[in-house]
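Reading the structure
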Amino acid sequence: MRIISTAYIAGRFVPVQGREWLDVVDPATESVIAKARLADREDAQRAIEAARRAQPDIGRSSKQQRIEMLRRLEAALAARSADIAEATIAEYGAPAARIGFVTQYASQVFGSMARILEDYSFTREIGDACVRLEPVGVSALIAPWNSVAGTICSKLASALAAGCASVIKPSEFSPLQTQAVTEALHGAGLPDGVVNVVTGRGADVGDELATNPHVARISFTGSTATGKIIARAAVDSMKRVSLSLSGKSASIILDDADLAIAVPLALNGGFNNNGQACIAGTRILVPRSRLAEVVQLVGSTIAGLHVGDPRDPFTTIGPVASQAQYDRIQRYIARGLEQGARIIAGGEGRPEGFQRGYFVRPTIFADVSNDMDIARDEIFGPVLSIIAYDDEEEAIEIANDSAYGLYAYVFSGHREHGLKVADRLQAGTVLVNTLRPELIAPFGGVKQSGIGREFGVFGLESFLEPKTEVAA
Ligand code: NAD
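Residues numbered from 1 in each chain as written. Predicted model: local features only at pLDDT ≥ 70, side-chain atom pairs only at ≥ 80, totals over all residues. Heavy atoms only, no water.

**Side note on the environment of V298**
As a reminder, the rule being used: By the criteria applied, helices consist of DSSP H or I runs no shorter than four residues and strands consist of E runs no shorter than two, each listed in order from the N terminus. Contact definition: two residues touch when any of their heavy atoms are within 4.5 Å.
Mapped onto the secondary structure, V298 falls in helix 10 (residues 291–303). Measuring from C-alpha to C-alpha, the distance between V298 and T226 comes to 35 Å, with 72 residues separating the pair along the chain. Setting aside residues up to four positions removed in sequence, V298 forms contacts with V263, L267, I344, I364 and I386.

Okay, structure coming up:
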């Protein structure tokens, strides 16, 4: 049995002081595969202190020094990609087919940031003033369980490029992935205290980061509910806060779309990461006149999906991450039925042949109206709703009728037509006829999906504070 009982503080793996132990369960087998000792508030304080000591030097480091550190991180993450992949499968159930993206991204994000930095100027002349873009200071990077490696690395790349020392608080539910990533970060040999990692509960470690006066900035990714708690807690010390939050994204299939292409793409976008993706397109809007064709294509697409062992290279959907996730998803499937939606694929319980593991049947509801709970709430599992619309205006109205606005997808036979609709959608990102995002373009949400933007130059600038100097 693997035991994880350290935090990473001031360049060393040190025993955590927290007393709580958490079982790590393999979601495919329900067996306990490791035990993790969680950090507590005092561990968080030690990590903040280490970052505080490191801040002056990293804040004064040259652009070239930061580029070199980013390059070392890129190589270090690439060197440990097999370990990160193994942890992500074992602890999280991510299908082997998705793992390539997860591990590549964790390394490449440092390389992309190094390239951005090469052309970036930290000073600007504006009128009579010289504006210097200075590091905001010690930054807390808080990550959810559903994309640990990517979230940690992307936030760290931006913070380091800006010259900020960081305290990373990954979800308490991903200690194996965190350990693999942290060992890789350690391998890059950054100055002590520039990166610190404490895995613990939100209520103590997270709260300490949100309230400690020595933390200047919080970059949070997680649920809208937690984001609100953090924003409130952080205001007293006036931290700079960015929030990447929940979503309930629409996939609009326009009436000129080639359904044989659009329906499988829309389903893949919805089932992304076993359905546990903030950006999943979980409301599929289809022209009423083509509903019957869509339903038929849904059937054949679902038949081609392979739910099962995440280690099997043919698996497209693995188990969801935990018993809590499994139960939540089952509750929403039952709720959809109670409120009058019609199941056209999947349904309650495990898929046939599975007695153990948190496997969920990929489920599609038709006859969904946008006011049902399954259309309004983020379910965070492979459960999608098909909503029929009469004309394009109504499609846009339904897509925008959501508390959230993280992502949207449009499928059309004509790129320009798709883009015209995209222009009218309230979302941080809209993908037209593709599921491939641009990972150096800004990422974030409107409405309850968040505040602020990450990735690329926008991510870098979210860790900088402009200072104006005018000299006579
Ligand atoms: P969560 O909000 O429960 O937890 C996220 C992180 O916040 C964890 O590290 C948790 O320990 C910490 N936390 C909890 N309470 C805290 C507090 N009081 N103070 C400080 N930190 C606290 O989210 P989750 O269940 O881990 O992740 C799933 C959610 O994250 C979904 O809603 C999903 O949409 C969202 N998400 C958003 C994005 C995005 O980029 N927009 C990406 C991935 C996940």
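There's plenty left to go through after this.
**Focus: the site of the ligand**
Keep this limit in mind: We call a residue near a given molecule or strand whenever any one of its heavy atoms falls within 4 Å of it. A 3.5 Å cut-off defines polar contacts: any pair of N or O atoms within that distance qualifies, except that in protein one atom must be a possible hydrogen donor and the other a possible acceptor, and neighbouring residues in sequence count only when both atoms are side-chain atoms. Surface exposure here means Shrake-Rupley accessible area, sampled with a 1.4 Å probe, where a residue is shielded only by the protein chains that are shown. As a working rule, the residues Ala, Val, Leu, Ile, Met, Phe, Trp, Tyr, Cys and Pro are called nonpolar, Asp, Glu, Lys and Arg charged, and the rest polar, with Gly in that last group. How far each domain reaches was decided by an automatic or database domain assignment.
Neighbouring the ligand are 28 residues, the closest being A143, E172, S223, T226 and E378. Take K169: an N or O atom from its side chain is 2.8 Å from an oxygen atom of the ligand. For the ligand, whose unbound accessible area comes to 850 Å², protein coverage reaches 87%. When its residues are assigned to classes, the shell around the ligand shows 13 nonpolar, eleven polar and four charged. Counting the residues that make up the shell around the ligand, at least three belong to each of domain 1 (2–245 + 449–470) and domain 2 (250–439).

**Topic: unusual backbone geometry**
Condition: When accessible area is computed with a 1.4 Å probe and restricted to protein chains, residues below 20% of their type maximum are described as buried, those above 50% as exposed, and intermediate ones as partly exposed.
Unusually for a residue other than glycine, N273 sits at a positive phi of about 55°. Within the secondary structure layout, N273 lies in the loop between helix 9 (259–271) and strand 14 (281–287). The residue D367 is not glycine, and still its phi comes out positive at about 55°. Topologically, D367 is positioned in the loop between strand 16 (363–366) and helix 12 (373–376). Taking relative accessible area as the criterion, D367 reaches 41% and is therefore assigned partly exposed.

**A short note on the sheet that holds strand 7 (residues 129–135)**
Sheets are built from strands that pair by backbone hydrogen bonding, the pairs being arranged parallel or antiparallel. Applicable threshold: Paired strands are those between which DSSP finds at least two bridges. Angular values range over 0 to 180 degrees, each being the angle between N-to-C directions of two axes fitted as lines to C-alpha atoms, with helices fitted over their stretch in contact.
If you walk across this open sheet you meet the three strands as 6-7-21, and the pairing is antiparallel. One side of each edge strand has no neighbouring strand; the edge strands of this open sheet are strand 6 (123–126) and strand 21 (464–470). With strand direction ignored, the average angle separating the axes of adjacent strands in the sheet is 30°. Note that strand 6 and strand 7 share four bridges and pair antiparallel. Bridging from a neighbouring strand, I126 pairs with A129 of strand 7.

**Remarks on the pattern of salt bridges**
Definition in use: Salt bridges, as used here, are contacts in which a Lys or Arg side-chain nitrogen is within 4 Å of a carboxyl oxygen on Asp or Glu.
Taken as a whole and assessed by the stated rule, the structure comprises 31 salt bridges. One salt bridge connects K467 with E134, and the closest N-O pair in it is separated by 3.5 Å. Taken as a pair, K467 in strand 21 and E134 in strand 7 lie far apart in primary sequence, 333 residues in all. According to the relative accessible area criterion, K467 is partly exposed, its value standing at 37%. Residue class for E134 comes out partly exposed when judged on its relative accessible area of 24%.

**Here we look at a nonpolar patch on the surface**
Rules: Surface patches are defined over residues having more than 30% relative accessible area and no salt bridge, joining like charges when they lie within 9 Å and nonpolar side chains (Val, Leu, Ile, Met, Phe, Trp, Tyr) when within 5 Å.
The grouping of M1, I3, W21 and V32 at the surface amounts to a nonpolar patch, some 410 Å² of accessible area in total. On the secondary structure map, I3 appears in strand 1 (residues 2–4).

**Points about the environment of V215**
Position of V215 relative to the elements: it lies in the loop between helix 7 (202–211) and strand 11 (217–221). In the structure, V215 is positioned 50 residues away from A165 in sequence and 9.9 Å away in space, judged by C-alpha atoms. When neighbours within four sequence positions are excluded, V215 is seen to be in contact with I48, V138, A140, L209 and K239.

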